[in-house]
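Take a look at the letters that make up each chain.
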Amino acid sequence: DAREDAMKELDGKTELVYLWVRAYIEENKFSSSTKIPSEHTLCRKLAVSRETVRRALEHLTREGLLRRVKGSGTYINKEAALSWELGGSGGKLKIGLILQGQDGNANSSLMEGIRSILPPDQVDLRTFLTDNKFSNERHCLQTVINQGFQGFIVDGVKASLLNPNLDCYQKIYQKRIPVIFYNNYYRNLKCPRVVVNDLRCAEELIGLLIRQGHRNIAGIFVSDNYQSIEKFQGMAATLQKNGVEYQDDYVKWCASSEAYDARSIGRFLKRLPHYTAVVCCNYMIFRLTRQVLEQQGKRVPEDCSLVCFDYSSDDWEAEGVTCSIHQGYRIGQEVASRLMRMIRNRDCDDKGYTYVLPPEIYLGRTVGPAREAR
C-alpha cells in the first residue's frame, strides 16, 4: 500500500525516529492538544541528527498524523491517529517486529540482518516501537492479535520485572502464532530466544581489567533490563572467581527511563572514594561515561580504564574501545531464519530454536594498568 511504499524511502535511522514518534502518537492520541517533543529533544533522546528527525517528522506530516503550527510546534492530528489502521499485506507472510527502540545503531543493524533473510516480495515486515514501555507494548499486541500475523520477533520490555502483558502473549500462543525473542526475553514464557552469552562476555572484559591490576572497578547497569542483569551477574561472578571483593557502592543501578543522564553518572563517580575502571553495560552509557570523565579531568586509560558491553556504533576500531561488539546484524539473521523455520514447522514452543551467540571481543586502547599497579 501507499504507506508501505513510502516507508521504503526512509533510511534506517530515519525509520527508527518515525517509529518512535508513531509509538508516542499511539500513547498520547487520546489526550487533548498534544504537542510532540521538540526536534532538539528527539535528537538528544534518539542520538540522531536534526536532519534525520526532520525527515521523519515530514513523513508523518505527509501521512496526516502530525500537524505543524507555525510559531507553536508540531501536534498530533488526533482524528487521523485514531483512525489509523495496519492495512492488508497483499498476500505476503506478515511478520511483526517489536523493538524497544532506544539504541538506534543497534536497531538499524538488527533490521538489516532481518531483512537480509526475509525477502520483501514474500514477507510483509511490520515494525513497532515500545520505547521500553509496558503500555506501548500492550497497545501494539492488542492491535495486532487479530490482524493475521504469522509470527513475531520481540525485544522484551523491562524484562527483569513481572510483565503485565503476558496475557496478550498467551492469546498469541493459543492462536499458535510463533514468537521468538532476542536480547530481552520473558522467563515465564516458553518462547525461544537469540541472545549473546553475556556471562562469558563479562568474564573476558572484567577478567582483562583484573589482569591489569584493577580492584576498585565501578559498574553502571540498567535495573529493569534482563540483559543488563545478566551482564552484572557475570561481572560479580568474575570478581568472586578472581578473589576481588565485590563493593555495592561501586555499582550504579538505574531504571531504563533514567539511565541516560550524564549528571547522574557524574554524581555517582564523584561519590566513589577511589576507582580505576568503569564497566558500562551498553554503548549509550559508555558514551556518557566517557563524556563525564573528560569533564572531570580524567584521562582514558591513564586515570581510568573503560570497557563496554554491546558497543553498537561502528567506530570501535577507530576509537580504540575495548568492548564486546554488538552483533545486531547476526542476531537479526538468526531470529529471522529461526522464526521462518518455526512457521514452516508450525511450532510455537522452543524445540531447539534458542541460540546463544559467543561474544565478539575487541581489545582497544581504553584499558591500561591500574594506577596503584604502576
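All values reported here derive from a predicted model rather than from experimental measurement.

Engineer: Give a description of the packing of aromatic side chains that names residues and reports values.
Structural biologist: One pass over the structure, following the stated rule, counts 13 aromatic pairs. Pairing Phe181 with Tyr186 gives two aromatic rings, centres 5.2 Å apart and planes at 70 degrees, and the pair type is edge-to-face. A relative accessible area of 3% places Tyr186 in the buried class. Geometry around Phe134 places Lys158 over its ring, the cationic atom sitting 5.4 Å from the centre. Above the plane of the ring of Tyr185 lies Arg193, whose end atom (NZ or CZ) is 4.1 Å from the centre.

Engineer: Account for the nonpolar core, naming residues and giving values.
Structural biologist: Ile206, Ile217, Leu269, Tyr275, Val278, Val279 and Ile285 are the most contacted members of the largest nonpolar core, which has 49 residues in total. When neighbours within four sequence positions are excluded, Val279 is seen to be in contact with Ile206, Leu209, Ile217, Ala218, Gly219, Ile220, Phe221, Met235, Val307 and Phe309. Formed by 46 residues, the second largest nonpolar core is a distinct cluster that contains Ile25, Val48, Ala56 and Leu66.

Engineer: Account for the sheet that holds strand β4 (residues 123–129), naming residues and giving values.
Structural biologist: One open sheet holds the six strands; their spatial order is β4-β3-β5-β6-β7-β13, and the pairing between them is parallel. Edge positions in the sheet fall to β4 and β13 (355–357), since each has one partner strand and no second. Shown here is a sheet whose adjacent strand axes are inclined to one another by a mean of 15 degrees, direction ignored. Across two bridges, strand β6 (residues 179–182) lies against strand β7 (residues 193–196) in parallel orientation. Bridging across to β7, Phe181 finds its partner in Arg193. Where helix α6 (residues 104–117) meets the sheet, its contacts fall on β3 (93–99), β4, β5 (151–154) and β6, and the angle it forms with β3 comes to roughly 165 degrees.

Engineer: Mind laying out the packing of helix α11 (residues 262–271) against helix α12 (residues 283–295), listing which residues take part and the relevant values?
Structural biologist: Two measures define how a pair of helices packs: the angle their axes make with one another and the distance between the axes. At their nearest, the axes of α11 and α12 sit 9 Å apart, and the two run at 60 degrees to each other. Judged by the inter-axis angle, α11 sits oblique to α12. Like other packed secondary-structure pairs, α11 and α12 cross with a definite hand, here right-handed. Counted together, Ala262, Ile265, Gly266 and Leu269 of α11 and Ile285, Leu288, Thr289, Gln291, Val292 and Leu293 of α12 form the full contact between these two elements. Each residue belonging to the contact of α11 with α12 can be placed in one class, and the counts come to seven nonpolar, three polar and no charged.

Engineer: Outline the sheet that holds strand β11 (residues 305–311), supporting the account with residue identities and numerical values.
Structural biologist: Taken in spatial order, the six strands of this open sheet run β9-β8-β10-β11-β12-β14, and their pairing is mixed. A strand with exactly one partner marks an edge of an open sheet, and here the two such strands are β9 (251–254) and β14 (361–362). As judged from the four bridges shared by strand β10 (residues 277–280) and β11, these two strands associate in the parallel manner. Within the sheet, the bridge partner assigned to Val278 lies in β11 and is Leu306. Relative to strand β8 (residues 217–222), helix α10 (residues 226–241) is tilted by about 160 degrees, and along the sheet it contacts β8, β9, β10 and β11.

Engineer: Any details on unusual backbone geometry? Residues and values, ideally.
Structural biologist: Between Val300 and the following residue, Pro301, the backbone shows a cis peptide bond with an omega angle of 5 degrees. The topology assignment puts Pro301 in the loop between α12 and β11. Look at Asn183: it is not a glycine, yet its phi comes out positive at around 60 degrees. As for its placement among the helices and strands, Asn183 is situated in the loop between β6 and β7. One non-glycine residue, Asp310, lies in positive phi territory at about 50 degrees. Among the secondary structure elements, Asp310 is positioned in strand β11.

Engineer: Explain the pairing of strand β2 (residues 73–76) residue by residue, including any values.
Structural biologist: Direction of pairing for strand β1 (residues 66–69) relative to β2: antiparallel, over a ladder of four bridges. Across the sheet, residue Arg67 finds its bridge partner in β2, namely Tyr75. Connecting β1 to the next strand, β2, in antiparallel fashion are three residues, including Gly71 with a positive phi near 80 degrees.

Engineer: Quick one: what's the story with the pairing of β5, residue by residue and with numbers?
Structural biologist: Side-chain alternation along β5 places Gly151 and Ile153 on one buried face and Phe152 and Val154 on a second face that is also buried. As paired strands, β3 and β5 are joined by four bridges and run parallel to one another. Opposite Gly96, over in β5, you have Phe152 as the bridge partner. Two strands pair when backbone bridges link them, and β5 and β6 are joined in this way by three bridges, in the parallel orientation. Within β6, the position partnered with Val154 by the bridge is Phe181. For the handedness criterion, the β-α-β arrangement of β5, helix α8 (residues 166–174) and β6 is classed as right-handed.

The rules we used
Residues numbered from 1 in each chain as written. Predicted model: local features only at pLDDT ≥ 70, side-chain atom pairs only at ≥ 80, totals over all residues. Heavy atoms only, no water. Phe/Tyr/Trp six-rings, centres within 6.5 Å; stacked < 30°, edge-to-face > 60°. Buried < 20%, exposed > 50% of the residue type's maximum accessible area, 1.4 Å probe, protein only. Lys NZ or Arg CZ within 6 Å of the ring centre and 35° of its normal. Core = buried A, V, L, I, M, F, W, Y, C linked by side-chain atoms within 4.5 Å. Contact = heavy atoms within 4.5 Å. Pairing = 2+ DSSP bridges. Helix = DSSP H or I, 4+ residues; strand = E, 2+ residues; numbered from the N terminus. Axes fitted to C-alpha atoms, helices over the stretch in contact; angles between N-to-C directions. Parallel < 35°, antiparallel > 145°, perpendicular 65-115°, else oblique. Left-handed = near helix turned anticlockwise from the far one by under 90°. Nonpolar A, V, L, I, M, F, W, Y, C, P; charged D, E, K, R; others polar. Right-handed = clockwise from strand over helix to strand, strands pointing away.

Fair warning: the whole summary comes from geometry, so function is off the table for now.
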